[in-house]
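Given next are the chains, with one letter for each unit.
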Amino acid sequence: MREAPYGLVSHAKAAYMVRRGLDARRNSRKVPFAIQYLYVATGESMPSASSSDLVLYERDGGVALITINNPPVNALAKDVRIAVADFLEAAADDQAVLVVTIRGNGRNLCGGADIREFNTPDREVRPMTRDLMNLIEAMEKPVVAAIHGPTLGGGLELALGCHYRMVHPDARLGLPEVLRGVIPGAGGTQRLPRLVGFAKAVEMITTGSSVDPGTALELGLVDQMAVGDDFLDEVMRFARNLIACDAGPRRVSEMTVDLDAEAGTALVAEIRTQLERTARGMQAPFRCLESVANTLSMPFADGWVREAEISRETIASVESRSLVHAFFAERQVSRIPDISAATARRTIKRTTIIGAGTMGGGIAMSFANSGLPVTLVETGQEALDGGLARIEANYAATRDRGRLSAADMEARMRLITGAVGIDAAADVDLVIEAVYEEMGVKQSVFRDLDRIARDGAILATNTSTLDVDAIAAVTQRPGDVLGLHFFSPANVMTLLEIVRAEKTENDVIATVLDLSSRIGKTGVVVGVCDGFVGNRMLAPYFRQCDFLVEEGAMPEDMDRVAEEFGFRMGPFRVSDLAGLDISWAIEKRRAETRPVAERFSPLLQRICELGRHGQKTGAGWYRYEGRSAIPDPEVAALIYTRSDEMGIARRAISDEEIRQRMIYSLINEGAKILEEGLAIRSSDIDVVWLHGYGFPRWRGGPMFYADMVGLPEIVATLDGYHVEWGDKWEPAALLRELADAGSSFQEWDEGRAA
Ligand SMILES: NC(=O)c1ccc[n+]([C@@H]2O[C@H](COP(=O)([O-])OP(=O)(O)OC[C@H]3O[C@@H](n4cnc5c(N)ncnc54)[C@H](O)[C@@H]3O)[C@@H](O)[C@H]2O)c1
């Protein structure tokens, strides 16, 4: 690379100078922009934007219109950036152009940086995203951003680089980078506080929250909101008006922040304390705060340079890699090897749910919340009325909290009808059974459904532990039968395990996959086994918790370690919330089929026998004051007795050992699930844990976390446990194989996709 002969100038200016053979060092006063960036003249010919239709350029009178045309979201891919820069230069050079407008074709102005370029050299190709914003701002002619659709991240930063902003009522504006584990790195942390105020900018940037156009207008984030149908027409009028007023550029970088250093420092300390509670274990929200806080103590130029450094550090972080993994894992999950867009779909217009209990009611609400009608079936009027009343009370609580309007509540209730007797399922497209968890009861329901349901109806069971093949086997149409394992509370939880039984037809799976996104769920296709993917992995995790309690740890130790790891709630607090009587009932059933060594500790039984069924009875593993869980000497006494009975000398157990035994037991079981073909990809297992079990998203999921720790290290630890504690710790064959090959679960996924 030759040394840049043009000094520090903007890209457009540099290109202008290249053409005219000028030297920036002599012309530096002409460079209008305080924050110039190094244009490295490599001697390459400037790419010709006109050969690309990724960005379009036209002129209408004095207004130049640059249109980003890179579907689906107008991401700022390398070629887009280059083309925009070239057209800015063209507009700068054209005497007839007095104002420049930047807009996007399709659904938005710009979706920001191209996430596919993360960790690739394309990201570094100049102008880099952050340079582009400065090129825009450096223009001597006013530049207007025409904002419509989701204009987030680099998209909003691009608009912030413009001098004026006009917004369409359908827009959303925000800087959600923190949700990908990075900071807004294209000037966002430096410009947003200057435009909307320090406190609001910190809130938006550290949480990734977005605002609607009305709020944006109030905040001063935009100058005007369109009112008519023809957005472009209004934008052009706005631009012409700037010409008429002889308005010049209005650079956000030249504005001052609304807080002095002292008030700002106090606010930063307060927000940091808040983040320590809400963003425990994460780094990106703190790095966002750090960068925004620089606006209090540094001029824009320095803050902008520092922002780039922090941005680079966050992009390289494991946290960011994990969040990006989670993002792609969720997009990948609906890709099923033997199902494609060409696979037939069945029509789902009418749905019946059998059983109006906890799950049936929640599932019905999920349908109604998405505008889909549903009928709830019970065996008697009383049970039905009770079920419908619970739904109504549930909606009323949301309404009373101001999160649902009375009209919406009424509309949703109207979509849910009730019926007594299974005949109501006769003529529908989809039946979801949510009756008691007993094989006999479920099989009897499915025999009835087989008799009355119309041909081609999809018959689903919401069982959480029973064999879906055995349920399908009582019908003459096992191809129409599958499991739809919703999670409690079903109207809130986004995970849906779609259990593909031995004979389930492909079109049934394809249909429910589509349906799951219509009702706001993330559907993960899994195979039949005890507990499917999520609960099957939970079993060894809980078993380790039992063992650890017997060996010397206390429930509060394990909850703390799990919560420090990033779980929303530790295992004992979760159990108390779910109800220990429910766990105990499941354990009793499982104990009939499991070898003694795999049975749970009798502690659960003893606690239940004291009437301590969890939070709902005011006591379980803890004693409760409201929702606060307080360690209870009565439970401690039971634990010590149990250790004595086992002849175990209790010992101090390190946090590291607790963490490894909890998380590695998940990973080992996940590897066995993959080996057995019960999940399609390791990333699907991650999605199950992110959506169903509160696994910290910023760790990517248990299998991705395993990759980050390194599989050889995990296998070595498991080998040690295996020697010490026996067969249950034997590393899964797949885990050992990948570790020996220096591979990872991610590579295993990629190999199978190829
Ligand atoms: N509760 C959970 O956390 C959870 C989570 C996932 C899955 N599940 C599964 O969902 C199913 C239902 O669980 P739940 O917690 O809602 O139970 P529940 O006891 O709250 O509800 C069951 C309902 O089914 C009704 N019922 C029983 N037999 C019936 C029949 N023949 N026809 C019509 N209605 C009938 C009962 O009157 C009752 O209202 C179970 O298979 C359970 O394993 C539960």
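Residues numbered from 1 in each chain as written. Predicted model: local features only at pLDDT ≥ 70, side-chain atom pairs only at ≥ 80, totals over all residues. Heavy atoms only, no water.

This next bit is on the overall build of the protein chain. Secondary structure summary: the protein chain contains 31 helices and 19 strands in total. Here the protein chain has a C-alpha radius of gyration of 30 Å; the compact-globule value for 754 residues is 27 Å, and the two agree. Across its three principal directions, the C-alpha atoms of the protein chain cover 85 × 60 × 50 Å. Buried residues in the protein chain amount to 56% of all 754 residues. Contacts in the protein chain between residues far apart in sequence, at least 24 positions, make up 73% of those at least 6 positions apart. Summing over all exposed atoms, the protein chain offers an accessible surface of approximately 31500 Å²; the carbon and sulfur share of this is 50%. Within the protein chain, one finds 83 positive and 107 negative side-chain charges whose respective centroids are separated by 3 Å. (Helix = DSSP H or I, 4+ residues; strand = E, 2+ residues; numbered from the N terminus. Rg over C-alpha atoms; globule rule 2.2 N^0.38 Å. Buried < 20%, exposed > 50% of the residue type's maximum accessible area, 1.4 Å probe, protein only. Contact = heavy atoms within 4.5 Å. Areas by Shrake-Rupley, 256 points an atom, 1.4 Å probe, with all protein chains shown as cover. Lys, Arg positive; Asp, Glu negative; His and termini not counted. Charge placed at Lys NZ, Arg CZ, Asp CG, Glu CD.)

This part covers the pattern of salt bridges. Taken as a whole and judged by the stated rule, the model has 45 salt bridges. One salt bridge connects R399 with D400, and the closest N-O pair in it is separated by 3.2 Å. (Salt bridge = Lys/Arg side-chain N within 4 Å of Asp/Glu carboxyl O.)

Further remarks concern the site of the ligand. Neighbouring residues of the ligand: 21 residues in total, closest M359, E378, E437, K442 and S464. T358 places a polar main-chain atom, nitrogen or oxygen, 3.0 Å from an oxygen atom of the ligand. Taking K442, its side chain carries an N or O atom lying 2.5 Å from an oxygen atom of the ligand. When the ligand is considered free in solution it has 830 Å² of accessible area, and contact with the protein chains removes 78% of it. Those elements that provide at least two residues to the shell around the ligand are α14 (358-369), β11 (374-378), α17 (439-452) and β15 (481-486). (Near = heavy atom within 4 Å. Polar contact = N/O pair within 3.5 Å; in protein donor to acceptor, adjacent residues only side chain to side chain.)

Let us look at the sheet that holds strand β4 (residues 143-147). Spatially, β1-β2-β3-β4-β6-β9 is the arrangement adopted by the six strands of the open sheet, whose pairing is mixed. Taken across any chain shown, the strands that pair with only one partner, and hence form the sheet edges, are β1 (55-60) and β9 (224-225). Bridge analysis of strand β3 (residues 99-104) against β4 gives three bridges, and the strand direction is parallel. When the sheet's bridge partners are listed, V100 is paired in β4 with V143. Against the sheet, helix α3 (residues 78-93) touches β1, β2 (63-68) and β3, its axis set at about 20 degrees to β1. Each of β1, β2, β3, β4, β6 (164-167) and β9 is contacted by helix α9 (residues 231-244), which is oriented at about 155 degrees to β6, the strand it contacts most. (Pairing = 2+ DSSP bridges. Axes fitted to C-alpha atoms, helices over the stretch in contact; angles between N-to-C directions.)

Moving on to the packing of aromatic side chains. Counted under the stated rule, the structure contains 16 aromatic pairs. Seen in terms of ring centroids, F565 and Y705 are 5.0 Å apart; in terms of plane orientation they differ by 85 degrees. Their pairing is edge-to-face. Placement of the pair is F565 in helix α21 (residues 555-565) and Y705 in helix α28 (residues 702-709), with a sequence separation of 140 residues. Ring geometry for F567 against F695: centres 5.3 Å apart, planes inclined by 80 degrees, an arrangement best described as edge-to-face. Taken as a pair, F567 in the loop between α21 and α22 (571-578) and F695 in the loop between α27 (682-692) and α28 lie far apart in primary sequence, 128 residues in all. Just as F567 is buried, F695 falls in that class too. Among the aromatic side chains, those forming a connected cluster through ring pairs are F487, Y541, F542, F565, F567, W689, Y693, F695 and Y705. Directly above the aromatic system of F565 lies the positively charged group of R699, at a separation of 4.1 Å from the ring centroid. (Phe/Tyr/Trp six-rings, centres within 6.5 Å; stacked < 30°, edge-to-face > 60°. Lys NZ or Arg CZ within 6 Å of the ring centre and 35° of its normal.)

What follows covers the domain arrangement of the protein chain. Segmentation of the protein chain into domains returns domain 1 (1-46), domain 2 (47-314), domain 3 (351-531) and domain 4 (534-653). A separation of 45 Å is found between the C-alpha centroids of domain 2 and domain 3. (Domains from an automatic or database assignment.)

R126 connects to P127 through a cis peptide bond whose omega is 0 degrees. Inspection of the secondary structure puts P127 in the loop between β3 and α4 (129-138). Note that the residue after S488, namely P489, is joined by a cis bond; omega there is -5 degrees. Tracing the sequence through the fold places P489 in the loop between β15 and β16 (495-500). At D246, a residue that is not glycine, the phi angle is positive and equals roughly 60 degrees.

In this section: the confidence of the model for the protein chain. Residues of the protein chain with pLDDT of at least 70 account for 92%, and the chain-wide mean is 90. Segment residues 1-51 is flagged for pLDDT under 50; beyond a separation of four residues in sequence, or across chains, it makes 88 contacts in the model. (pLDDT = per-residue confidence, 0-100.)

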